[in-house]
2 protein chains.
Amino acid sequence: MTARVDPQRLARELDTLATFSDEPAPAVTRIVFTDTDLRARAYLKSLCRDAALSVREDGVGNLYARWTGTDPHAPAVATGSHIDAIPHAGRFDGTVGVLGGLEAIRALREAGFRARRSIDLMLFTSEEPTRFGIGCLGSRLLSGSLDESAGERLTGGDGRSLNDARADAGFGDSLALVPLASDAYCAFVELHIEQGPLLERAGVDIGVVTAIAAPSSQRIIVEGEGGHAGAVLMRDRHDAFLAAAEIALGVESAARASGSDDTVGTVGVCEVFPGAVNSVPSRTTLAVDIRDVDLARRDAVLERVSAACRETASRRGVNVRAETINADPPTRCEPAIIEAIEQACDARGFTHQRMISRAYHDSLFMSRVAPTGMIFIPCRGGLSHRPDEYASPEAITRGASVLADVLARLST
Amino acid sequence: MTARVDPQRLARELDTLATFSDEPAPAVTRIVFTDTDLRARAYLKSLCRDAALSVREDGVGNLYARWTGTDPHAPAVATGSHIDAIPHAGRFDGTVGVLGGLEAIRALREAGFRARRSIDLMLFTSEEPTRFGIGCLGSRLLSGSLDESAGERLTGGDGRSLNDARADAGFGDSLALVPLASDAYCAFVELHIEQGPLLERAGVDIGVVTAIAAPSSQRIIVEGEGGHAGAVLMRDRHDAFLAAAEIALGVESAARASGSDDTVGTVGVCEVFPGAVNSVPSRTTLAVDIRDVDLARRDAVLERVSAACRETASRRGVNVRAETINADPPTRCEPAIIEAIEQACDARGFTHQRMISRAYHDSLFMSRVAPTGMIFIPCRGGLSHRPDEYASPEAITRGASVLADVLARLST
């Protein structure tokens, strides 16, 4: 049996999914539980039904579309990813794993394959932290990494709690029912664009992920003293924004000081209050993201950032406090899945290399409930989270083909 | 004749004016041409009519409330200030000069004084740059420092042009009619809180302003490269926010390097795009405010900031461009008015000292059409542009009393 992925069908569906956006093309903005997100989900569900998959959704909107196997009680095999997109993002992050996963299942069925284990396509809710400030919301909940109290605790910028927002979106089931049974899945494999430059630079078809970096994010709040920009003498100032600027540069220095390319630190959000041209800033909030595949090295960066906060606070006479949003451990992929991916590549004549994922993914949390692996495909310039994000139809087809072969093997 | 200011009446009117705010007390937010601004203007006009002043408004909303003198054709004397307030500001900036000016006129009338020259109370539109990005909008226009093309050129954050916004607010006259005749006024005197700490620290009642610092403001736009916060290697980054953070710290260094307390530099606005925790910033905009009473010294600071922009742009591989919003020359106050203020203080037994204004005021532009002076009163801690801004009733009464005496002298 050779599963044949249909490149035209997959490209057409990716094109259609990209039209569900709150920004004009090529930019994509698709925030969880907005009308746009719900219309995109409806489109995906229609495709799943066309493919004769049986769909269920849990209380946070995670979607499970099942192709039932000949042994429906055996632990299933799953693939999937997310379709939400940060503001001003591109069209391939997450979506390649969802529509590529669907295409892999259809290709298996069309090749006459009969799976012993059921194969599930999964859509994870809110992999992006845009709305509720924490990434991988759906996979955290289904893996028990976050408990149901998150429903009231997490709040979006519009003041609506997660519970309010999911109810508005029609997801009324209790969050207590979201966690998966420990024997629900025997394997999970996620197809994703690399979001980095290594595969393209090396001219390699497929990246075989061996580990996923440990992400952490924190909110740093600086409180100083405001005043009139003309009147407060420079030596009397306790400018919250300048302190925050030093801390942001300190995040960069701390990440660079690790000595490893696998360490990254980013300040992606800076909010200045009161935000008037003629007013000394009294408060500034930063969102800081630090990641490493090595937990000790990442935590050393966090400690250097804390030290920079303390030093700046003391020297400038401002108050600095940090709130941890998440600090997750890294994960190692399952050796048997790594090998299955490599063998599938070899069988199809695709070049491959092992690599780590510095971006984090729902796989990080799925690895807590099932043996997990990831298949990376190259993306142009390594660019992601921006409108010019691009993966070629050929690269996507290769990824979906390898995924089909791996699903076949794992479900047998 | 001794003019007696009524402290209770003035305090009550300041209290009432503070209630016209888009934020709960003690904070005041009153942006030009909002409903709140228009309601505050209506209140002021009702007070002017109660005081039998004849009110006219020009096309940009500058208000002239006249007490006609016995020689109505002689160039008039004027006082006044502004009532707009930046976000999260206090209740004394500008308002003390408007309501204190009204009280001074009422006190003169109640003391039986008959002015030869007419005395005008002026309300200047949008001294604060919040909405249209440029300060002293009304006084720039009436002094011919800005021409009528500003009506279409200036646009607020809501996308409405100045012409749209003033039409919405009911100010339909042509901007071409706003400039004053060169012989309209023989003197202008503005009462204002110091917005700095010097009078309070020295325990002095009245500040006699000799010069007003030269303000300049610019918008600095940094364009770098965005990308995924997990995936883009630190060494491959061109982070627009980190470049902007360096430039902001460069503004501070440049202002401090002048060696004079009269030099100040502030970055009050920083907008990061796309502004997501897991996205490398691709664009950042700063609003920079630099002031000095010495024009050459201020321009040297501007040059140091430009050099910092060039250095950062080159080292980080980002594009940096600066747009000048305004760069005004400083002004010297009129010696005869300075002396009149000092003599009024001496006659009332108030201590006084000469000082410069590092904050800028409508007086900076009024000085282009009439000999100009300013009376400062202490404010607590030198604080301004924040909710805890405070001037005591005693200080305000002293200021309004000196203003009354100076108006009497100049209008005789």
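This is a predicted model, so every value here is computed, not measured.

Procedures and definitions
- Residues numbered from 1 in each chain as written.
- Chains lettered and ligands numbered in written order.
- Predicted model: local features only at pLDDT ≥ 70, side-chain atom pairs only at ≥ 80, totals over all residues.
- Heavy atoms only, no water.
- pLDDT = per-residue confidence, 0-100.
- Contact = heavy atoms within 4.5 Å.
- Buried area = accessible area lost by both parts, 1.4 Å probe.
- Salt bridge = Lys/Arg side-chain N within 4 Å of Asp/Glu carboxyl O.
- Helix = DSSP H or I, 4+ residues; strand = E, 2+ residues; numbered from the N terminus.
- Nonpolar A, V, L, I, M, F, W, Y, C, P; charged D, E, K, R; others polar.
- Axes fitted to C-alpha atoms, helices over the stretch in contact; angles between N-to-C directions.
- Parallel < 35°, antiparallel > 145°, perpendicular 65-115°, else oblique.
- Left-handed = near helix turned anticlockwise from the far one by under 90°.
- Phe/Tyr/Trp six-rings, centres within 6.5 Å; stacked < 30°, edge-to-face > 60°.
- Buried < 20%, exposed > 50% of the residue type's maximum accessible area, 1.4 Å probe, protein only.
- Lys NZ or Arg CZ within 6 Å of the ring centre and 35° of its normal.
- Least-squares fit on C-alpha atoms with pLDDT ≥ 70 in both.
- 1 Å grid on protein atoms, 1.4 Å probe; cavity = no way out; pocket = protein on both sides within 12 Å on 5 of 7 lines; lining within 4 Å.
- Points joined across faces, edges and corners; volume = space filled by probe spheres on them.
- Disulfide = S-S within 2.5 Å.
- Pairing = 2+ DSSP bridges.

> Before we move on, can you summarise the confidence of the model for chain A with the specific residues and values?
On average, residues of chain A score 95 in pLDDT, and 100% of them reach the 70 mark or higher. Predicted complex, confidence summary: ipTM 0.79, pTM 0.79.

> Break down the interface of chain A and chain B for me, citing the residues and quoting the values.
Opposite the 61 residues of chain A that make contact, chain B presents 61 residues. Taken over both partners, the interface formed by chain A and chain B buries close to 5400 Å², and the fraction arising from carbon and sulfur atoms is 59%. Area buried by chain A at its contact with chain B is led by H228, M234 and V277 of chain A, which between them contribute 13% of it. Our count for the chain A to chain B interface comes out at 8 salt bridges. With its nearest N and O atoms 3.7 Å apart, the salt bridge here joins E225 of chain A to R386 of chain B. When contributions to the side of chain A that touches chain B are tallied by element, the ones reaching two or more residues are β5 (85–89), β10 (227–228), α8 (240–256), β11 (264–273), β12 (279–280) and β13 (283–292) of chain A. By residue class, the composition of the side of chain A that touches chain B is 29 nonpolar, 17 polar and 15 charged.

> Can you break down the packing of helix α3 (residues 95–110) of chain A against helix α12 (residues 393–411) of chain A residue by residue, with the values?
All names here are of chain A. In contact at an axis separation of 8 Å, α3 and α12 are set at 55 degrees when each is read in the N-to-C sense. As judged from the angle between their axes, α3 and α12 are oblique. Along this stretch, α3 crosses α12, giving a crossing that reads as right-handed. When α3 is examined against α12, the residues V96, G100, G101, A104, I105 and L108 are found in contact with a partner set consisting of I396, A400, L403, A404, L407 and A408. A breakdown of the residues in the contact of α3 with α12 according to their chemical character gives 10 nonpolar, 2 polar and no charged.

> Describe the packing of aromatic side chains, with residues and values.
This structure, assessed with the given rule, holds 10 aromatic pairs over all chains. Seen in terms of ring centroids, F124 of chain B and F188 of chain B are 5.6 Å apart; in terms of plane orientation they differ by 80 degrees. Their pairing is edge-to-face. Placement of the pair is F124 of chain B in the loop between β6 (119–123) and α4 (137–142) and F188 of chain B in strand β7 (residues 185–193), with a sequence separation of 64 residues. Since its relative accessible area comes to 1%, F124 of chain B is described here as buried. Above the ring of Y64 of chain A, the side-chain terminus of R56 of chain A is found at 4.1 Å from the ring centroid.

> Please provide a residue-by-residue account of the relation of the copies chain A and chain B, values included.
Overlaying chain A on chain B yields an RMSD of 0.0 Å, the required transformation being a rotation through 180 degrees with an accompanying axial translation of 0.0 Å. When the rotation and shift are considered jointly, the pair of chain copies conforms to a two-fold rotation axis. When each C-alpha of chain A is compared by its distance to the rotation axis, A245 of chain A comes out closest, at 2.3 Å. When the interface residues of chain A are mapped onto chain B, 100% of them again fall at the interface, so both copies present the same face.

> Describe unusual backbone geometry, naming the residues involved and giving the relevant values.
Phi is mostly negative for residues that are not glycine, and the peptide bonds are mostly trans. The linkage connecting F273 of chain A with the following residue, P274 of chain A, adopts the cis geometry, with an omega of 0 degrees. Position of P274 of chain A relative to the elements: it lies in the loop between β11 and β12. Cis geometry marks the peptide bond from A25 of chain B to P26 of chain B; its omega dihedral reads 5 degrees. Among the secondary structure elements, P26 of chain B is positioned in the loop between α1 (7–18) and β1 (28–30). Not every positive phi belongs to a glycine, and F33 of chain B is a case in point at roughly 70 degrees.

> Outline the layout of surface pockets, listing residues and values.
By volume, the largest pocket amounts to about 770 Å³. Lining the largest pocket are 32 residues, with P129, F132, G133, R219 and I325 of chain A positioned closest to its centre. Counting only elements with at least two residues in the lining of the largest pocket, the list comes to β9 (214–223), β11, β13 and β14 (319–327) of chain A. When residues of the lining of the largest pocket are assigned to their parent elements, the largest contribution, 4 residues, is made by β14 of chain A. Per-class residue counts for the lining of the largest pocket are 12 nonpolar, 13 polar and 7 charged. Computed from the structure, the second largest pocket encloses a volume of approximately 400 Å³. Around the second largest pocket, the lining comprises 22 residues; the ones closest to its centre are T130, G133, R219, V269 and A287 of chain B. At the level of secondary structure, the elements contributing two or more residues to the lining of the second largest pocket comprise β5 (85–89), β11 (264–273) and β13 (283–292) of chain B.

> Hey, could you go over the state of the cysteines for me, with residue numbers and the actual values?
Under the criterion given, the structure shown has 0 disulfides over all chains. Here C270 of chain B stays free of any disulfide, with the sulfur of C270 of chain A as its closest cysteine sulfur at 4.2 Å. Take C270 of chain B: its relative accessible area is 6%, and that puts it in the buried class.

> Lay out the environment of T263 of chain B in plain terms, naming residues and giving numbers.
Structurally, T263 of chain B can be placed in the loop between α8 (240–256) and β11. Expressed as a C-alpha distance, the spacing of T263 of chain B and V301 of chain B, which sit 38 residues apart in the sequence, is 8.5 Å. Non-local contacts of T263 of chain B, meaning those with residues more than four positions away in its chain, are made with M234 of chain A together with A255, S258, R291, D292, R297 and V301 of chain B.

> I'd like a rundown of the sheet that holds strand β14 (residues 319–327) of chain B, residues and numbers included.
Residue and element names in this part refer to chain B. Taken together, 4 strands build an open sheet; the order of strands is β11-β13-β9-β14 and the sheet is antiparallel. Strands at the two margins of the open sheet, each flanked by one partner only, are β11 and β14. Geometrically, the sheet is characterised by an average inter-axis angle of 15 degrees between neighbouring strands, direction not taken into account. Note that β11 and β13 share 9 bridges and pair antiparallel. The partner of E271 across the bridge, within β13, is T285.

> Residues and numbers for the environment of D262 of chain B, please.
Residues and elements named next belong to chain B. With respect to the helices, strands and loops of the structure, D262 is situated in the loop between α8 and β11. The exposure class of D262 is partly exposed, given its relative accessible area of 22%. Remark: the alpha-carbon pair of D262 and D292, spanning 30 residues in sequence, is separated by 5.5 Å.

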